[in-house]
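Observations on chain architecture
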Protein chains: 2
Amino acid sequence: MTVSMPASVATTAPTRFLDTGGVRFAYRRFGAPAGVPLVFTQHFMGNLDNFDPAIADALAAGREVILFDNVGVGQSTGTAPNTVDGIAAGAASFIDGLGLTNVDVLGHSMGGEVAQLVALDRPDLVRRLVLVGTGPRGADAIARQGPDVGPLFSKRDELGLNMWLPIMFAPSKASQAAGRAFIHRISERTVDRDILVSGETIAAHRAAARAWATAPADNFSYLRHIAQPALVVNGSDDIVIPTLNSYYLYQYLANAELVLFPDSGHGAHFQYVERFVRRVIDFLDVEPDDTVF
Amino acid sequence: MTVSMPASVATTAPTRFLDTGGVRFAYRRFGAPAGVPLVFTQHFMGNLDNFDPAIADALAAGREVILFDNVGVGQSTGTAPNTVDGIAAGAASFIDGLGLTNVDVLGHSMGGEVAQLVALDRPDLVRRLVLVGTGPRGADAIARQGPDVGPLFSKRDELGLNMWLPIMFAPSKASQAAGRAFIHRISERTVDRDILVSGETIAAHRAAARAWATAPADNFSYLRHIAQPALVVNGSDDIVIPTLNSYYLYQYLANAELVLFPDSGHGAHFQYVERFVRRVIDFLDVEPDDTVF
């Protein structure tokens, strides 16, 4: 049977540029011009091409989706900050520069840390949060990344098979197969691809991630001040920001729902695209307005 | 605006009786005769009237829903067993007695413990599990019920306001308001109400629950042998079977998804009826057959 797939907007959307605050930001913006735009904040070593086009396309059916390279990442200019606060300031500057005044933010891994701080600092700007494969500041107090994980990030190759398969997926056959399908999806764009994250930016972001994880946990008191509804998502076997951190993030945020998927890792949303998209659409478009019976 | 509500099947379905294995079981069975029937296994001190009619009605739109009083509960005859294994044997006997060979089971609290054992012992009989406000055998090893909780179960009154509000809901205004709406729903049935659980059955079930919670945790190895897909659900502040137990249940089951709701307690599904029903329908009717992109 031949199935006619709808064209992917995410893999063909042109890269655009925004000059604001002394930085030239590379970004892609597409989807239905309805409701509240959704801004993705990206993980360590990810550029515009690392956002899963299957997720972006599905969410773009009901809203504008905005992907961007933060300061010093990919084709964006500037010097990458070496703190999560600094990276979050870059994200806020980009959103402001677009003239947007109310957005939802979907952050993955370090991008989820960035999303927390943007929501904390700019309560009027951020309406709702989706936090995937991430954890609270002071995450090491809960469960620390194992010693074998850091070196995985040095195994970069063109497609990312050596790096992203063990980082983002669980060891099972099913999870690794989902990982290969994900790698295929992010390699489908053939023109106008982004450039790899530079060694200098990687070093700065690595320092930012380390400082975040090793900060004093201080009872995660900052999380009580994030009033926006949040959807916290992860896989069962996240080795990068161990899964238990997602549970604590959920418990300390003022208003969060937790969804953890079976047999999956740091990139569980890449493995369960359909389930994840249904959860996110429910959360962004329906849930906080649910009436209680 | 006057809203015309559809009639509730759950609050009008007649109580029926099944004689099997030396026990006369009281039950109610209703809904669309399609797909796999869903059997509810009930919490400590609950009878046929304690199943939330809003949840039962919503799920009955797509399948048969079956509520029953287990051995010695409400209008069912027999002596209530004082072990969860014994109570689970009663549930299996009832399902077999109906002539059913493949069911989904939705168990709450002690009913979730019962559901785990029926699934473990009868892998061909149980297709999928929904486990709400419950935990693994040996739950005390994770997080033990506080000393103030047990006495709450002695505050029984006709509607259950004094008992179920603090047991099933979080202390917040929103959660308590949802609790009163729940109490209203379970009091809507006016004819053919069930009878309260007897003191003798309460004592037996209390012993069963205590033995379950204090059993050696043994790395929860039995959970690895429950192969059925499971959806584990709870509130953020379950004081009866503390929420962290749901996380462990999810982690040790072979194939589970975890959903934890904000600002809610042991009866989070009674508070977030619409969200809960959407999750359950997704899980029972869609998810395990999801294709990975």
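Relevant structure appears above.
These remarks concern the structure in this document.

The rules we used
Residues numbered from 1 in each chain as written. Chains lettered and ligands numbered in written order. Predicted model: local features only at pLDDT ≥ 70, side-chain atom pairs only at ≥ 80, totals over all residues. Heavy atoms only, no water. Helix = DSSP H or I, 4+ residues; strand = E, 2+ residues; numbered from the N terminus. Rg over C-alpha atoms; globule rule 2.2 N^0.38 Å. Buried < 20%, exposed > 50% of the residue type's maximum accessible area, 1.4 Å probe, protein only. Contact = heavy atoms within 4.5 Å. Areas by Shrake-Rupley, 256 points an atom, 1.4 Å probe, with all protein chains shown as cover. Lys, Arg positive; Asp, Glu negative; His and termini not counted. Charge placed at Lys NZ, Arg CZ, Asp CG, Glu CD. Buried area = accessible area lost by both parts, 1.4 Å probe. Salt bridge = Lys/Arg side-chain N within 4 Å of Asp/Glu carboxyl O. Polar contact = N/O pair within 3.5 Å; in protein donor to acceptor, adjacent residues only side chain to side chain. Nonpolar A, V, L, I, M, F, W, Y, C, P; charged D, E, K, R; others polar. Pairing = 2+ DSSP bridges. Expected span 1.5 Å × (residues − 1). Least-squares fit on C-alpha atoms with pLDDT ≥ 70 in both. Axes fitted to C-alpha atoms, helices over the stretch in contact; angles between N-to-C directions. Parallel < 35°, antiparallel > 145°, perpendicular 65-115°, else oblique. Phe/Tyr/Trp six-rings, centres within 6.5 Å; stacked < 30°, edge-to-face > 60°.

Attention shifts here to the overall build of chain A. Helix and strand counts for chain A come out as 9 helices and 8 strands. Taking 19 Å as the expected radius of gyration for a compact globule of 293 residues, we find that chain A reaches 18 Å, a close match to that expectation. Principal-axis analysis of the C-alpha atoms gives chain A an extent of 50 × 50 × 40 Å. Evaluated residue by residue, chain A yields a buried proportion of 59% over its 293 residues. Restricting to contacts in chain A with at least 6 residues of sequence separation, those with at least 24 account for 75%. Carbon and sulfur atoms make up 54% of the accessible area of chain A, which totals about 11100 Å². Of note, chain A has its 23 positive side-chain charges centred 3 Å away from the centre of its 31 negative side-chain charges.

So, on to the interface of chain B and chain A. At the junction of the two partners, chain B supplies 33 residues and chain A supplies 33 residues. When chain B packs against chain A, close to 3000 Å² is buried across both sides, 49% of that on carbon and sulfur atoms. On the surface where chain B and chain A come into contact, there are 8 salt bridges. Across the pair Asp 282 of chain A and Arg 278 of chain B runs a salt bridge, and its minimum N-O distance is 2.6 Å. The tally of links from chain B across to chain A stands at 18 residue pairs in polar contact (both at pLDDT 80 or more). Counting only elements with at least two residues in the side of chain B that touches chain A, the list comes to helix H5 (173-186), helix H7 (244-252), strand E8 (256-261) and helix H9 (273-286) of chain B. Looking at the side of chain B that touches chain A element by element, the count peaks at 7 residues for H9 of chain B. For the side of chain B that touches chain A, the class distribution of residues is 17 nonpolar, 7 polar and 9 charged. Here strand E8 (residues 256-261) of chain A pairs with E8 of chain B via 3 bridges, running antiparallel. Looking across to E8 of chain B, one finds that Leu 258 of chain A is bridged to Leu 260 of chain B.

Residues and elements named next belong to chain A. For helix H3 (residues 110-121), built from 12 residues, the straight-helix expectation of 16 Å at 1.5 Å per residue is met to within 8% by its first-to-last C-alpha distance of 17 Å. Within H3, 10 of the 12 residues are buried, which leaves it mostly tucked inside the rest of the structure. Inspection of H3 places Met 110, Gly 111, Gly 112, Glu 113, Val 114, Ala 115, Gln 116, Leu 117, Val 118 and Ala 119 among the buried residues, and these make up the whole buried set. Packed against the buried residues of H3 are strand E3 (38-41), helix H2 (84-97), strand E5 (103-108), strand E6 (126-132), helix H6 (199-214) and helix H7 (244-252).

Once chain B is rotated about the relating axis by 180 degrees and shifted along it by 0.0 Å, it coincides with chain A to within an RMSD of 0.0 Å. Both chain copies can therefore be described as sitting about a two-fold axis. Residues of chain B ranked by C-alpha distance from the rotation axis are headed by Val 259 of chain B, positioned 2.4 Å from it. Looking at chain B, 100% of its interface residues are interface residues in chain A too, so the copies touch through the same face.

Residues and elements named next belong to chain B. Put simply, helix H2 (residues 84-97) and helix H3 (residues 110-121) touch, their axes get as near as 8 Å, and they point 70 degrees apart. The angle between H2 and H3 places the two elements in the roughly perpendicular class. Only Met 110, Glu 113, Val 114, Leu 117 and Val 118 of H3 make contact with H2, whose side of the interface consists of Val 84, Asp 85, Ile 87, Ala 88 and Ala 91. Among the residues forming the contact of H2 with H3, the class breakdown is 8 nonpolar, no polar and 2 charged.

Let us look at the pattern of salt bridges. Residue and element names in this part refer to chain A. Applying the stated criterion to the full structure yields 30 salt bridges over all chains. Residues Arg 193 and Asp 49 are paired through a salt bridge, measuring 3.8 Å at the closest nitrogen-oxygen approach. Of this pair, Arg 193 sits in the loop between helix H5 (173-186) and H6 while Asp 49 sits in the loop between E3 and helix H1 (53-60), and the two are 144 residues apart along the sequence. Between Arg 189 and Asp 192 there is a salt bridge; the shortest N-O distance is 3.9 Å. On the basis of relative accessible area, Arg 189 is assigned to the buried category, the value being 4%. Look at Asp 192 and you get partly exposed, because its relative accessible area is 36%.

Tallying each qualifying case throughout the model produces 33 aromatic pairs over all chains. When the ring of Tyr 27 of chain A is compared with that of Phe 94 of chain A, the centres are 5.5 Å apart and the planes differ by 65 degrees; the resulting orientation is edge-to-face. With Tyr 27 of chain A in strand E2 (residues 23-31) and Phe 94 of chain A in helix H2, this residue pair connects regions lying 67 residues apart in the sequence. Each member of the pair Tyr 27 of chain A and Phe 94 of chain A is classed as buried. For the ring pair Tyr 248 of chain B and Tyr 252 of chain B, a centre distance of 6.2 Å and an interplane angle of 10 degrees mean the geometry is stacked. On the criterion of helical spacing, the pair formed by Tyr 248 of chain B and Tyr 252 of chain B is a turn pair, its members being 4 residues apart in helix H7.

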